[in-house]
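# Observations on chain architecture
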Amino acid sequence: MQRKPKCSICKKAEGVYRAGETLKRFCGAECGAILALQIKAKRDAAKVKETKKRYAKEKEAFRDNDLPYQHNLTKVSFNRMRVLQCKLRFYERNQEPECISCGRKKMDWCCGHFKTVGQAGQLRYDPKNTHLQCNKNCNMSLSGNITGTKTSRGYIKGLIEVYGQTIGAALYQYCNEKQYQKHKWTCDEVKNIRIEANKEIRRIEAILNTYEATQ
Ligand SMILES: [Zn+2]
Ligand SMILES: [Zn+2]
């Protein structure tokens, strides 16, 4: 004789009845009511999860068109890319990386903008306007240390000393000329810059690993 399945609530009596489309069984009205509540709670939880998922997706889509948010993400990638590119340039010339403004080595590196984002937002993702700089001293404390101090050359002289007279002067002229050509960024542009920067980061990191391993 085949045994009848047990009630899924009390586990004692036989599960005489099937609960709707589920495979669960119950013995009578009392357990049936409890089971119905359990099934409903499970369905509600699934609904909440679904709603949350949809909401997160909508929020993400909204952020897709959120320009300040896109700038925040791209800033991190671009600046990291420039730090790596500048370091690689030094290594390729058998030089130790140095700060564009104070010339010191082995510093807390950052990407220093010659024309600040506030001055010339159109140059914020321009490699010609961004060079390796020490973060705490020149970038933060001396606002980029553009013209130099008693003990340091400053950004302008640094461009010449690091890149040579011709290129350094061209970089200086370029940034000064471009300073007034305003540009209105779009989310797509900013996103694409980030995608390209991330690719470049991966490429350079692989190369730098071999340089730094032999230091
Ligand atoms: Zn029961
Ligand atoms: Zn410095």
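Residues numbered from 1 in each chain as written. Chains lettered and ligands numbered in written order. Predicted model: local features only at pLDDT ≥ 70, side-chain atom pairs only at ≥ 80, totals over all residues. Heavy atoms only, no water.

Further remarks concern the pattern of salt bridges. A full pass over the atoms with the stated rule returns 11 salt bridges. One salt bridge in this structure joins Asp44 and Lys40, with 3.0 Å as the shortest N-O distance. Of the two residues, Asp44 and Lys40 are both situated in helix α1 (residues 29-64); the distance of four residues between them amounts to about one turn of the helix. Residue Arg153 pairs with Glu98 through a salt bridge whose shortest N-O separation is 2.8 Å. Here Arg153, found in the loop between α3 (135-141) and α4 (155-163), pairs with Glu98, found in the loop between α2 (67-92) and β3 (109-113); they are 55 residues apart in sequence, far enough to count as distant. (Salt bridge = Lys/Arg side-chain N within 4 Å of Asp/Glu carboxyl O. Helix = DSSP H or I, 4+ residues; strand = E, 2+ residues; numbered from the N terminus.)

Right, let's get into the domain arrangement of the protein. Split by domain assignment, the protein resolves into domain 1 (23-62) and domain 2 (66-214). Relative to domain 2, the C-alpha centre of domain 1 lies at a distance of 53 Å. (Domains from an automatic or database assignment.)

Among the five residues of strand β4 (residues 130-134), five are classified as buried, and the element is accordingly described as predominantly covered. Here five bridges tie β3 to β4, and the two strands are oriented antiparallel to one another. When the bridges of β4 are listed, Cys111 appears paired with Leu132. (Buried < 20%, exposed > 50% of the residue type's maximum accessible area, 1.4 Å probe, protein only. Pairing = 2+ DSSP bridges.)

The subject of this paragraph is the coordination of the zinc ion (ligand 1). Surrounding the zinc ion (ligand 1) are the protein donor atoms Cys7 (SG), Cys10 (SG), Cys27 (SG) and Cys31 (SG), which sit 2.2 to 2.4 Å from the metal. For the zinc ion (ligand 1), the four donor atoms in the first shell make angles of 99 to 123 degrees at the metal, a pattern classed as tetrahedral. Spacing between the donor residues of the zinc ion (ligand 1) along their common chain follows C-x2-C-x16-C-x3-C. (Donors = N, O, S within 2.8 Å, 3.2 Å for Na, K, Ca; no water. Tetrahedral: all angles 85-135°; square planar, octahedral: opposite > 155°, others 65-115°.)

For the rest of this paragraph, the subject is the environment of Gly158. Within the secondary structure layout, Gly158 lies in helix α4. Sequence-wise, Gly158 and Thr147 are 11 residues apart; in three dimensions their C-alpha atoms are separated by 9.6 Å.

Glancing now at the coordination of the zinc ion (ligand 2). Taken together, Cys99 (SG), Cys102 (SG), Cys134 (SG) and Cys138 (SG) make up the full set of protein donors to the zinc ion (ligand 2), lying 2.3 Å away. Around the zinc ion (ligand 2), the four donor atoms are arranged such that angles at the metal cover 103 to 117 degrees; this shape is classified as tetrahedral.

Before going further, it helps to spend a moment on the packing of aromatic side chains. For the coordinates displayed, the defined rule picks out five aromatic pairs. Connected via pairs of aromatic rings, a cluster forms that spans Phe78, Tyr125 and Trp185. It is Arg63 that lies over the ring of Tyr69; its NZ or CZ is 4.0 Å from the centre. Between Lys128 and the ring centre of Tyr174, over which it is positioned, the NZ or CZ distance is 4.3 Å. (Phe/Tyr/Trp six-rings, centres within 6.5 Å; stacked < 30°, edge-to-face > 60°. Lys NZ or Arg CZ within 6 Å of the ring centre and 35° of its normal.)

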